[in-house]
Amino acid sequence: MTTSPVSPDDGRGVSGPGAPGDLADQDRICGGPGFPDDQDRDDDVDVLHLAGQRPAGRGEWLLITEVDGLPGAKFTARVLPAEGRQAHGGDVLVHLSAQPGAGKLDLPAVRVSVWAAVDGLLIPVAAWDRADPDGWPERIRATVAFAMSVLTELEEHGADLGPSPVIDLDDDAATAVAGIPAGVTLGAAGGSRRLPGR
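We now turn to the structure provided with this report. The shown structure was predicted, so the numbers you read here are calculated from the model rather than taken from an experiment.

## Considering the pattern of salt bridges
Turning to step 1, where the next piece is worked out: Taken as a whole, this structure holds three salt bridges when the rule is applied.
Turning to step 2, where the next piece is worked out: The shortest N-O distance in the salt bridge between Arg111 and Asp129 comes to 2.8 Å. Highlighted residues: Arg111 in strand β6 (residues 109–118) and Asp129 in strand β7 (residues 121–131), separated in sequence by 18 residues.
Turning to step 3, where the next piece is worked out: Accessibility expressed as a relative area gives 40% for Asp129, which makes it partly exposed.
Turning to step 4, where the next piece is worked out: One salt bridge connects Glu138 with Arg141, and the closest N-O pair in it is separated by 2.8 Å. One end of the pair, Glu138, and the other, Arg141, are both in helix α2 (residues 136–156), three residues apart, so they sit about a helical turn from each other.
Turning to step 5, where the next piece is worked out: Glu138 sits in the partly exposed class, given a relative accessible area of 34%.
Turning to step 6, where the next piece is worked out: For Arg141, a relative accessible area of 2% gives the class buried.

## Topic: α2
Turning to step 1, where the next piece is worked out: Its 21 residues place the ends of α2 30 Å apart at the C-alpha level, agreeing with the 30 Å of an ideal helix rising 1.5 Å per residue.
Turning to step 2, where the next piece is worked out: Of all the bends in α2, the largest measures some 35 degrees and sits at Ala142.
Turning to step 3, where the next piece is worked out: Residues Trp136, Pro137, Ile140, Arg141, Thr143, Val144, Ala145, Ala147, Leu151 and Leu154 constitute the buried set of α2.
Turning to step 4, where the next piece is worked out: Tucked inside the fold, the buried residues of α2 contact β2 (60–67), β3 (75–79), β5 (92–99), β6 and β7.
Turning to step 5, where the next piece is worked out: Just past α2, the residue Gly158 takes up positive phi, approximately 85 degrees.

What counts, and where the lines are drawn
Here the residue numbering is sequential within each chain, running from 1 through the sequence in written order. For a predicted model such as this one, the threshold for reporting local features is a pLDDT of at least 70, and the threshold for listing and counting side-chain atom pairs is 80 or more; totals across whole chains, interfaces and linings nevertheless cover every residue. Hydrogens and waters are ignored; side-chain quantities use all the structure's heavy atoms. The term salt bridge refers to a side-chain nitrogen of Lys or Arg lying within 4 Å of a carboxyl oxygen of Asp or Glu. Secondary structure elements follow DSSP: runs of H or I no shorter than four residues count as helices, runs of E no shorter than two count as strands, and numbering proceeds from the N terminus. When accessible area is computed with a 1.4 Å probe and restricted to protein chains, residues below 20% of their type maximum are described as buried, those above 50% as exposed, and intermediate ones as partly exposed. In a helix, the anticipated span is given by 1.5 Å times the number of residues less one. Note that bend, as reported per residue, equals the angle between axes fitted to the 7 residues terminating at that residue and the 7 residues originating from it. The contact criterion used throughout is that any non-hydrogen atoms of two residues lie within 4.5 Å.

Geometric values such as these leave the question of function open.
In structure tokens, the structure reads:
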């Protein structure tokens, strides 16, 4: 399996969370109060309770802390602070941004994307444009659960997901590639073998 860069214009509907041109428009058109402010934003919140709330103009980042694949079951995250948002290898994140209605009668929607942090890279997992502001948590649940289980499985088999490098989530110029990086290796028992198919 090969991986290729994902660009905002590649036709697959997956683009970086800060694709050029959309952040300024979101700030101007969709600027909102953002999610409820926890002073330190270090407490886990129930993702289901975030449904229907409008993300701030530049969007919100959620660091997923726990998810059960069954509808209505446990789904928690930490809302990352507006400044200095960072991730480390092994993290699963969700980015939400408001999208204005296409016409005067259209209801506002949200863009939701799921990301995996691996070895200093932010890897796109899936994205949904024009998602229902009330229904997005259940819509992304299975994808988030899958991403978390893949990273957990890789770690349990000794893969080095690069927990040390810091990934700056506020860097609008950051690029990502689809797929697990070829440099992720298995543990010492496996030597420096590459993952199957790499």
